[in-house]
Structures are given as C-alpha cells and as structure tokens.
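# Reading the structure
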Amino acid sequence: MNKKTIAILFGGASSEHDISAISAKGIVSNINRDKYNIVLMGITKNGEWYLFNDDISMLPEDKWLGSKSLKKAFIAPDSSIHGIVTDTGERIYLDAVFPVLHGKNGEDGTVQGLLQLAQIPFVGCDATSSGVCMDKSITNAVLDAVGIRQAKWCSFSKYDYMKDPESCIKSAEEKLGYPIFVKPANAGSSVGISKAADRKSLAAGIETALREDKKCVLEEFIEGNEVECAVLGNNEPIAAEVGEILAAAEFYDFDAKYNNPKSQTLIPARLSTEKREEIKAEALRAYKALGCEGLSRVDFFVRKGSGEILLNEINTIPGQTPISMYPKLFEAVGVPYSELIDRLIELALERGGII
C-alpha cells in the first residue's frame, strides 16, 4: 500500500493554542499509521512555524517547543511545491493537511486560503465557509437570510461602540432585553463570552468581548437545553447523534468546558427521538447553507416549554480532545475515532486541491 503523507497542523496564534495541541495529540494517537505517514507541524503563539518529530506526549502545555527535533519550516503557497519547505531548502510533498487549529488564525479561513493557493487537499471547510462561520455576525445574517431560527441578536464594531457607547447599549436593551449574552464576533471555545443582567455588566461584557475581537455580537438569553450535533461530509453530509451539555458554570464558557470536571455531556440528549431528528435535519440545513465541507459541529438551544430549536453557532474545526463532543457523537452511532479520522482525510482527498 502506498502511504499518503499527511501534515497535522497544530498550535497557532490563537486563544485556543493549548487546546489545539491536545486535539493534535488525540488525532495522532488514533490515526491509522498503516495508511498514513504523519508530519507534525506546530505554530507558536507568536506565529512561528516548526516541524516537530518527537514524542507526542510533549504536545500539551507547549512542551514540544523544548524538543531538539524542531526545524523551522513552512507550507509554501507555491502550488508546484505542494507541501513544506524547511529553512535548509528541503521539500516535503504533502498529499493532504489536517489543520487542527481552533479559533483565530486557523479556523477563520486564513490557513485554508494558504492551502487553497498551494492546491493541497485539506480536512474541513474552505476559506469562504470557514470565514463566514467564524464571524458570528455574518453567520447570523446568513441564517436569517435562509430562515434558520436563532436567538434575537445585534452586533456592532469596536469603532462604533467607542464612538457612541450609549446608543449601542440602548439599542441592544430595546431589542434584546435582559439578560444578554455578549460574545466576540470572532473567537472560539466561548472565549470572551459573558452574561449581562444590567447596563453596568453589559458595558463590562462588551469591553471584555472587544478585547478579543474588533466586533461583538449580543444575543437574547434562551432558557432551555444546550445541545450539539456533529456533521460529516462534502456534497452529501450526514449527521451523527445529538448530545447535550450540562455546564457546571452558569453557561458553557472556556473554563466550564475544559477546566471544570463537574461539566457533563449526555449522549444522546435528553430529548425525544423526534426532536433529535428535527435537530439533525436543521444541522444539515445550516451546514449546507453556510457552504460547509468535511466536518462541523452545529450547536443549538431547545427552548424550555415550547421546544423551539434555535441555532447557537457552528464550529468548523471542533475539538478533538478526549472530552470533545464531535468524536463522541460519531462513536455513539458506530463510527470509532480512528475510522472517523480516516473518513475525514478521504473527504479531503475526494475534494482535492481547491483552485
């Protein structure tokens, strides 16, 4: 069998740098080594690129940066190279890239654009879809346009807020009422999110969000179940089981997700079969509307009382850590992690280098 050479791209200049390294370890630990030659490429928090060829136990907590194996390198945008160039001029041909870069500078279309210029197949959504899904205000606008239900929302830029904070706050209060969730438009894993109960906490939440991004999104509070659905595929995507989040904190922020052991996930969600099927259908509709390919995790609220399904957000590079929902949801429908990774790479190769 001719093995394919796959680069696993991890780290990144992102608030989710550390989670990315743990996700990369999960993928490398479960990938089929009989089918694939693995090249590990790490990006530091400052944006430096290195080849890493050492024990994968070094990936978490940036221990990999102390490895003697590190070699400066980058993925060339030149399509004739079709891979990596090291600082000594060595070239490494790549059949595909698995970008495991959560958040900014990796999940937002930046790396995807580089790989499209290089014409190297890669796992996940293309540059356009990645950018649209990363920016919550643009995602919300597209969902409104195609009639997918979501919480009431509004958005404004840092420039507009600094110019007239009183007007921005007043318009949000009138449209949404309290409590209000405040989010950076572009961030991942609930970084920079807060829940405001009054004007003072709303102003503080906006300032927190705008430290993470130049634009923020404000949404009405939805009381109900918080559920997630994993989707896989290119032209004919499929949805896995629906899982439910039981956050240990008031809401599922970064700390509740990764640091608080009291947070729980339930698979399947505590919903009827009919309601879960409805969520799957809506997840697939959103996936197609936003131009997703490869994989995404689509998150919803199910409103208490009415059972109304409201799309919360879509993640185009969902976590691959031991506690991450995406692989668990496919395991629940009989797709083990190693097979899931294999299918994701096959989907990338099927699509090919995007011109």
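Look above for the structure.
This is a predicted model, so every value here is computed, not measured.

Next up on the list: the overall build of the protein chain. Of the regular secondary structure elements, the protein chain holds eleven helices and 16 strands. Compactness check: the protein chain gives a C-alpha radius of gyration of 20 Å against a globular reference of 20 Å for 355 residues, within 12% of the reference. The principal-axis extent of the C-alpha atoms belonging to the protein chain is close to 60 × 50 × 40 Å. Here the protein chain holds 355 residues, and the buried ones make up 57% of them. Of the contacts made within the protein chain by residues no fewer than 6 positions apart, 65% connect residues no fewer than 24 positions apart. By element, 49% of the accessible surface of the protein chain is carried by carbon and sulfur atoms, the whole surface being about 15000 Å². Taking the average location of the 40 positive side-chain charges in the protein chain and that of its 50 negative ones, the two points are 1 Å from each other.

This part covers the sheet that holds strand β2 (residues 36–43). An order of β6-β5-β4-β3-β2-β1-β7 is seen for the seven strands of this open sheet, with the pairing classed as mixed. Looking at which strands have only one partner, the edges of the open sheet turn out to be β6 (91–93) and β7 (96–99). Across the sheet, the axes of successive neighbouring strands diverge by a mean angle of 35 degrees, strand direction being ignored. Relative to strand β4 (residues 71–75), strand β3 (residues 49–52) runs antiparallel, the two being bridged by two bridges. Across the sheet, residue Leu51 finds its bridge partner in β4, namely Lys71. Packing of helix α11 (residues 337–351) onto the sheet brings it into contact with β1 (4–11), β2 and β7, and relative to β7 it is tilted by some 125 degrees.

The subject of this paragraph is the packing of aromatic side chains. Applying the stated criterion across every chain, the model contains five aromatic pairs. On the numbers, 5.8 Å between centres and 10 degrees between planes, the contact of Phe156 with Tyr161 is stacked. Considered together, Phe156 and Tyr161 belong to a single accessibility category, that of buried residues. Centroid distance Tyr326 to Phe330: 5.4 Å. Interplanar angle 55 degrees. Geometry classified as tilted. Residue Tyr326 and its partner Phe330 are located together in helix α10 (residues 325–331), separated by four residues, close to a single helical turn. Accessibility classification places Tyr326 together with Phe330 in one group, the buried group. By way of ring pairs, the aromatic residues Phe10, Phe52 and Trp64 are connected into one cluster.

Moving on, we come to the packing of helix α3 (residues 127–134) against helix α4 (residues 136–146). Think of two packed helices as two axes; the pair is described by the angle between the axes and how far apart they sit. Across the interface, α3 lies against α4 with an axial gap of 5 Å and an inter-helix angle of 100 degrees. With respect to their mutual orientation, α3 and α4 come out roughly perpendicular. Taking contact as the criterion, the partners of Val132, Cys133 and Met134 in α3 are, on α4, Lys136, Ile138, Thr139 and Val142.

With that settled, the discussion passes to the sheet that holds strand β16 (residues 309–315). One open sheet holds the five strands; their spatial order is β14-β13-β12-β15-β16, and the pairing between them is antiparallel. Edge positions in the open sheet fall to β14 (264–266) and β16, since each of these has one partner strand only. Shown here is a sheet whose adjacent strand axes are inclined to one another by a mean of 30 degrees, direction ignored. Note: strand β12 (residues 224–233) against strand β15 (residues 294–303), ten bridges, orientation antiparallel.

Another point: helix α6 (residues 165–176). An ideal rise of 1.5 Å per residue puts 16 Å on twelve residues; α6 measures up with 16 Å between its terminal C-alpha atoms. The complete set of buried residues in α6 reads Cys168, Ile169, Ala172, Glu173 and Leu176. Buried residues of α6, seen end-on, are gathered within an arc of 130 degrees and therefore sit on one face of the element. On its buried face, α6 sits against β8 (153–157), α5 (158–163), β9 (180–184), α7 (199–212) and β11 (215–220). Note on α6: the residue one or two positions beyond its end, Gly177, has a positive phi of about 70 degrees.

Here we take up α4. Along an α-helix, residues three or four apart share an orientation, since each turn contains 3.6 residues. Every buried residue belonging to α4 is among Lys136, Ser137, Thr139, Asn140 and Leu143, and all of these are buried. Across the axial projection of α4, the buried residues extend over an arc of 160 degrees, all falling on one side. At its buried positions, α4 is contacted by α3, β8, β9, β11, α9 (273–289) and β16.

Conventions adopted
Residues numbered from 1 in each chain as written. Predicted model: local features only at pLDDT ≥ 70, side-chain atom pairs only at ≥ 80, totals over all residues. Heavy atoms only, no water. Helix = DSSP H or I, 4+ residues; strand = E, 2+ residues; numbered from the N terminus. Rg over C-alpha atoms; globule rule 2.2 N^0.38 Å. Buried < 20%, exposed > 50% of the residue type's maximum accessible area, 1.4 Å probe, protein only. Contact = heavy atoms within 4.5 Å. Areas by Shrake-Rupley, 256 points an atom, 1.4 Å probe, with all protein chains shown as cover. Lys, Arg positive; Asp, Glu negative; His and termini not counted. Charge placed at Lys NZ, Arg CZ, Asp CG, Glu CD. Pairing = 2+ DSSP bridges. Axes fitted to C-alpha atoms, helices over the stretch in contact; angles between N-to-C directions. Phe/Tyr/Trp six-rings, centres within 6.5 Å; stacked < 30°, edge-to-face > 60°. Parallel < 35°, antiparallel > 145°, perpendicular 65-115°, else oblique. Expected span 1.5 Å × (residues − 1). Arc of directions from axis to C-beta.

In short, the description is geometric, and any link to function would need to be established separately.
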